[in-house]
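# Notes for the structure review
Spelled out from the first residue to the last, the chains are:
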Amino acid sequence: MRPTRAALSTLIPLAACFLSGFCGLLYEVVWERWLEFQIGVSTYAVALIVSVFMAGLALGAAAFGAICSKTKHPLRVYAAIEVAVAIVAFIVPRLFGCTLTGLFVLTVLMGGTLPVLAQFLVTESEIGFGVAAIYGINTLGAVAGCFATGFLLIPHLGLSNTNLVGVVGNLAAGIGVLCLPTREATPRPAATPEESPAHGYSHREWGLLLIAAVCGFTGLGYEVLWFRTLRLVIGGTVYAFSTMLTVLLLGIALGSLLARRWLRRQPNVLVLLGLAQALLGLSAWLTYPGCSVTWTLLSFWSQKYFEVIGHWELARLTHFMVAATTLLVPTLCLGISFPLLVEFFSQRRHRTGSAVGTVYFANALGSIAGSLSVSFLIVPWLGLRHAILLLVALNVAL
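Residues numbered from 1 in each chain as written. Predicted model: local features only at pLDDT ≥ 70, side-chain atom pairs only at ≥ 80, totals over all residues. Heavy atoms only, no water.

## Things to note about the overall build of the protein
In terms of regular secondary structure, the protein is built from twelve helices and zero strands. Listing every helix and strand of the protein by position from the N terminus yields α-α-α-α-α-α-α-α-α-α-α-α. The buried share among the 398 residues of the protein stands at 55%. Across the protein, the fraction of contacts at a sequence separation of at least 24, relative to all contacts at a separation of at least 6, is 85%. Accessible surface, the protein as shown: approximately 17,000 Å² in total, 69% of it carbon and sulfur. (Helix = DSSP H or I, 4+ residues; strand = E, 2+ residues; numbered from the N terminus. Buried < 20%, exposed > 50% of the residue type's maximum accessible area, 1.4 Å probe, protein only. Contact = heavy atoms within 4.5 Å. Areas by Shrake-Rupley, 256 points an atom, 1.4 Å probe, with all protein chains shown as cover.)

## Side note on the environment of alanine 66
Within the secondary structure, alanine 66 sits in helix α2 (residues 43-68). Sequence separation between alanine 66 and alanine 355 is 289 residues, and the spatial gap between their C-alpha atoms is 8.7 Å.

## Some details on the packing of helix α4 (residues 100-111) against helix α5 (residues 113-121)
Look at α4 against α5: their axes get within 5 Å of each other, and the N-to-C directions meet at 15°. Judged on the interaxial angle alone, α5 and α4 are roughly parallel. Counting all contacts with α4, which are made through Leu109, Met110 and Gly111, the residues of α5 involved are Thr113, Leu114 and Pro115. Split by residue class, the contact of α4 with α5 holds four nonpolar, two polar and no charged. (Axes fitted to C-alpha atoms, helices over the stretch in contact; angles between N-to-C directions. Parallel < 35°, antiparallel > 145°, perpendicular 65-115°, else oblique. Nonpolar A, V, L, I, M, F, W, Y, C, P; charged D, E, K, R; others polar.)

## Quick notes on the confidence of the model for the protein
With 77% of its residues at a pLDDT of 70 or more, the protein has an overall mean of 79. Confidence over residues 187-198 falls short of pLDDT 50; this stretch has 22 contacts with residues more than four positions distant or in other chains. (pLDDT = per-residue confidence, 0-100.)

## Considering helix α9 (residues 269-285)
Under the 1.5 Å per step criterion, the end-to-end length of α9 is 24 Å for 17 residues, consistent within 8% with the ideal 24 Å. The set of residues buried in α9 consists of Val269, Leu272, Leu273, Ala276, Gln277, Leu280, Gly281, Ser283 and Ala284. (Expected span 1.5 Å × (residues − 1).)

## A word on the nonpolar core
One finds Tyr27, Trp31, Leu106, Phe338 and Val359 to be the most contacted residues of the largest nonpolar core, which totals 107 residues. The element best represented in this core is helix α12 (residues 352-397), accounting for 14 residues. (Core = buried A, V, L, I, M, F, W, Y, C linked by side-chain atoms within 4.5 Å.)

## Details of the packing of helix α3 (residues 74-95) against α4
The N-to-C vectors of α3 and α4 enclose an angle of 165°; their axes lie 9 Å apart at closest approach. Classified by the angle between their axes, α3 and α4 sit roughly antiparallel to one another. The interaxial crossing formed by α3 with α4 has left-handed handedness. When α3 is examined against α4, the residues Ile81, Ala84, Val85, Val88, Ala89 and Val92 are found in contact with a partner set consisting of Gly102, Val105, Leu106, Leu109 and Met110. Of the residues that constitute the contact of α3 with α4, the class distribution is ten nonpolar, one polar and no charged. (Left-handed = near helix turned anticlockwise from the far one by under 90°.)

## Some words on α5
Along α5, eight of the nine residues are buried, which leaves the element largely enclosed by surrounding structure. Taken as a whole, α5 has its buried residues at Thr113, Leu114, Pro115, Val116, Leu117, Ala118, Gln119 and Phe120.

## Side note on a nonpolar patch on the surface
On the surface, Leu279, Leu282, Trp285, Leu286, Val329 and Leu389 cluster together to form a nonpolar patch covering roughly 490 Å² of accessible area. The dominant element in the nonpolar patch, judged by the number of residues it contributes, is α9, at three residues. Along the chain, the position of valine 329 falls in helix α11 (residues 312-345). Among the residues examined, valine 329 registers a relative accessible area of 41% and is labelled partly exposed. (Patch = residues over 30% accessible without salt bridge, like charges linked within 9 Å, V, L, I, M, F, W, Y side chains within 5 Å. Salt bridge = Lys/Arg side-chain N within 4 Å of Asp/Glu carboxyl O.)

Below is the structure:
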């Protein structure tokens, strides 16, 4: 049975969303490796690269979220973004080399894809539900991109050819959606005077954006701490890093899809958000180096790793088990939180793309602050153990 035109108009953008996530993580891994040749591989260098990456995503989400909320054809904007990403990723390394400026330009464009797709696909009555699906699919693409890049593409193709795979992927996503019949986005109801941007945000909305920023702060802060901790258990090889990042993204993707189910059953977004943050704090506390239960499991899997170190597949599987033991539950909670924040923020804002872009912007700014402050300030001052407890306290306070 052939899919109908209406089905294709949804399936192709969702496939493009998956492909966009795949290419986004491919570029992050490849460009990070290129930049490490220039600025080193220290913790501070990695924190700087991640911060530039997140800053570009934040600016792109905010800018394109505002743009797409005013256009009748957001899918054209999306196609233009994907093609522009491909052009920048292809030309910049060849003309100027791989620089932080080039990475920033690339990520500004990539940051616009989520709000633009949300504007096109998500109905007004189910913003949180729809964004959870798009965010989850995009992050599943990122999981596939991280795994494929770290374990398959770079070892077999090298960095430059792997970057070309991303270029082809972005072109395919952009051309694919351009082939769809032109149709306008779902009409949105006109905003009331109280909802107009001219009146700014209410105190409640500013409070929600602050919560989004704190969630980003703790999320990237945990990521820095978890990676430092797990390096002590499974080492700092390329495969170990790819394993940890893949599991982290998988947890976020599954959490987003889980939020989609929760929003159907429990419409009280604040209750769900509070539960997610409490569970995040509890599960993150279990990763505390002084927690005997988790570290007993980590010691078990670490011993198994050395027993199978001569078998590549079993060694990688053991790495995954180590990472899953520590990361899976807290990253599920991280993935749950973003769609809930968008749903709550959009209850007074009728522009889907703008709502997604604004929440993403606040969350990404918090992520930048978390990455830099944990790497440069909190860990040097407090140490690894107390840094985790500080982030747990922030989540519980929310």
